[in-house]
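The lines below spell out each chain.
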Amino acid sequence: MHGHSHGHDHAHHHHGDEEGKAIAVAFWLNFTFTIIEFVGGLMVNSVAILTDAVHDLGDTLAIGMGWVLGKTSKRKADAHFSYGYQRLSVLAAVINAVVLIVGSVFIISEAVPRLWAPEMPDATGMLWLAVLGVVVNGLGAWRLLRQSSMNASMIRWHLLEDVLGWVAVLIVSVVLMFWEVPILDPILSIGFTLFILFNVARNLWASLKVFLQAVPSDVDVQQLVSQLCEPAQVGGVHHVHVWSLDGEHHVFSAHVELQGALDVDQVLELKQQFRALVLDFGFAHSTIEVEWPGEGCRHEDVDG
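Residues numbered from 1 in each chain as written. Predicted model: local features only at pLDDT ≥ 70, side-chain atom pairs only at ≥ 80, totals over all residues. Heavy atoms only, no water.

**Digging into the nonpolar core**
And step 1. The biggest cluster of nonpolar side chains holds 20 residues, and the ones touching the most others in it are Leu 224, Leu 228, Phe 252, Phe 274 and Phe 283.
And step 2. Examining the composition of this core, we find that 6 residues originate from one element, helix H8 (residues 264-281), more than from any other.
And step 3. Among the nonpolar cores identified, the runner-up in size contains 12 residues, and Phe 33, Ala 130, Trp 166 and Val 172 belong to it. (Core = buried A, V, L, I, M, F, W, Y, C linked by side-chain atoms within 4.5 Å. Buried < 20%, exposed > 50% of the residue type's maximum accessible area, 1.4 Å probe, protein only. Helix = DSSP H or I, 4+ residues; strand = E, 2+ residues; numbered from the N terminus.)

Dropping the structure here:
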């Protein structure tokens, strides 16, 4: 006998639409500004800006992919994907993280040699491009500020990385207008890139844990089992599994062993208590199998 519950957030579709629009804005802003960067980098003779243009091109491709996969992830469940397509947004987050890491390593590889052979760029041209870079990428990051999915979070880090990078260019360009110390450019670039790498690695690990079906950090399994065991009719709980579809919508299943034989009304009352518990923990999907005394668990040879 099964007690099966689905928790639905009717505002989720609206939330998904808002996220899709925010990512779309981020994509077009990034795409347009990447073209401006290539042209501007050539005009001011700045290798740093051209390097960032290459990095932004990778960002644009990653954001575009995140946009498409994120939109696809909102599709409803079907015969092929019974839980729906929500995990595609996590896949997008992982791929975006890999692109960010590769791009960051590329930037560091370009910046380190400049520590020993710094070049003096056109400081005035750098200043105007930096101001434009901060505004464009800052606007994209701001549009994603209210979105909480892993995919949106990773794209936000893409844009934040660019904002910080352009802040570094802005600071360097102002300094270079007064003092000829071009080595500041690679130093600041390396510092900000390492900061971004640390945060991306943390988000990547969180995404990988979703793929590995780790227990979500915001779910207390011991408390969950304890509350499942509270009704007097329950003799024990086992075969408990808790995982997440996309980092936001969690799933759990469990086997509940009864103390003794119950009539239909008692079972219905027990199921109502379980349903309330599922809602309290905020699970999107749950399956509870009720086992009668002496019935035995068909999974006992697997994990007891």
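**Some words on the packing of helix H3 (residues 87-116) against helix H6 (residues 184-211)**
And step 1. Contact geometry of H3 with H6 gives a least axis separation of 9 Å together with a crossing angle of 160°. Taken as axis vectors, H3 and H6 run roughly antiparallel relative to one another. Considering how the two elements wind past one another, H3 and H6 form a crossing that is left-handed.
And step 2. When its residues are assigned to classes, the contact of H3 with H6 shows 22 nonpolar, 3 polar and 3 charged. (Axes fitted to C-alpha atoms, helices over the stretch in contact; angles between N-to-C directions. Parallel < 35°, antiparallel > 145°, perpendicular 65-115°, else oblique. Left-handed = near helix turned anticlockwise from the far one by under 90°. Nonpolar A, V, L, I, M, F, W, Y, C, P; charged D, E, K, R; others polar.)

**Points about the packing of aromatic side chains**
And step 1. Under the criterion given, the structure shown has 7 aromatic pairs.
And step 2. Relative to Phe 31, the ring of Phe 27 lies with its centre 6.2 Å away and its plane at 10°, an arrangement referred to as stacked. Taken together, the positions of Phe 27 and Phe 31, both in helix H1 (residues 12-44) and 4 residues apart, correspond to about one turn of that helix.
And step 3. Looking at Phe 27, the relative accessible area reads 15%, which means it is buried.
And step 4. Each member of the aromatic cluster is reached from another via a ring pair, and the members are Phe 27, Trp 28 and Phe 31. (Phe/Tyr/Trp six-rings, centres within 6.5 Å; stacked < 30°, edge-to-face > 60°.)

**Comments concerning unusual backbone geometry**
And step 1. Of note, the phi angle at Gln 213 is positive, near 60°, even though the residue is not glycine.
And step 2. Examined against the element boundaries, Gln 213 turns out to sit in the loop between H6 and helix H7 (221-228).
And step 3. The partly exposed category is assigned to Gln 213, whose relative accessible area is 47%.
And step 4. Look at His 239: it is not a glycine, yet its phi comes out positive at around 50°.
And step 5. Along the chain, His 239 turns up in strand S2 (residues 234-244).
And step 6. A relative accessible area of 14% places His 239 in the buried class.

**A few points about the side chain of Glu 37**
And step 1. Here Glu 37 lies in helix H1.
And step 2. One buried charged residue, Glu 37, remains without a salt bridge, the closest side chain of opposite sign being Arg 114 at 13 Å.
And step 3. Discounting residues that sit within four places of it in the chain, Glu 37 has contacts with Ile 49, Leu 50, Asp 52, Ala 53, Asp 56 and Trp 166. (Lys, Arg positive; Asp, Glu negative; His and termini not counted. Salt bridge = Lys/Arg side-chain N within 4 Å of Asp/Glu carboxyl O. Contact = heavy atoms within 4.5 Å.)

**Topic: the confidence of the model for the protein chain**
And step 1. Across the protein chain, the average pLDDT comes to 79, with 89% of residues at or above 70.
And step 2. Within the protein chain, the lowest mean pLDDT, 46, falls on strand S1 (residues 2-6), and the highest, 89, falls on strand S3 (residues 250-258).
And step 3. Confidence drops under a pLDDT of 50 for residues 1-14, and excluding neighbours within four residues, the segment shows 27 contacts in the predicted structure. (pLDDT = per-residue confidence, 0-100.)

**Observations regarding the pairing of S3**
And step 1. The buried fraction of S3 is high, at 8 of 9 residues.
And step 2. Inspection of the sheet shows S2 paired to S3 by 8 bridges, in the antiparallel sense. Within S3, the position partnered with Trp 243 by the bridge is Val 251.
And step 3. Connecting the antiparallel pair S2 and S3 is a turn made up of 5 residues, with Gly 247 showing a positive phi of about 95°.
And step 4. One ladder, built from 7 bridges, connects S3 with strand S4 (residues 285-291); its direction is parallel. Counterpart to Ser 253 in the pairing with S4 is Thr 287.
And step 5. After leaving S3, the chain enters H8 and then returns to the sheet as S4, a path that is right-handed. (Pairing = 2+ DSSP bridges. Right-handed = clockwise from strand over helix to strand, strands pointing away.)

**Digging into the environment of Ala 97**
And step 1. Positionally, Ala 97 belongs in helix H3.
And step 2. Taking the C-alpha atoms as reference points, Ala 97 and Arg 202, 105 residues apart in sequence, are found 9.8 Å from one another.
And step 3. Ignoring sequence-local partners within four residues, the contact set of Ala 97 consists of Met 154, Val 200 and Leu 204.

**Remarks on a nonpolar patch on the surface**
And step 1. Together, Trp 28, Phe 31, Ile 35, Phe 38, Val 39, Met 43, Val 54, Leu 57, Leu 61 and Phe 106 line one region of the surface with nonpolar side chains, adding up to about 960 Å² of accessible area.
And step 2. Mapped onto the nonpolar patch, the elements with two or more residues apiece are H1 and helix H2 (47-72).
And step 3. Of all the elements, H1 adds the most residues to the nonpolar patch, at 6 residues.
And step 4. Mapped onto the secondary structure, Leu 57 falls in helix H2. (Patch = residues over 30% accessible without salt bridge, like charges linked within 9 Å, V, L, I, M, F, W, Y side chains within 5 Å. Areas by Shrake-Rupley, 256 points an atom, 1.4 Å probe, with all protein chains shown as cover.)

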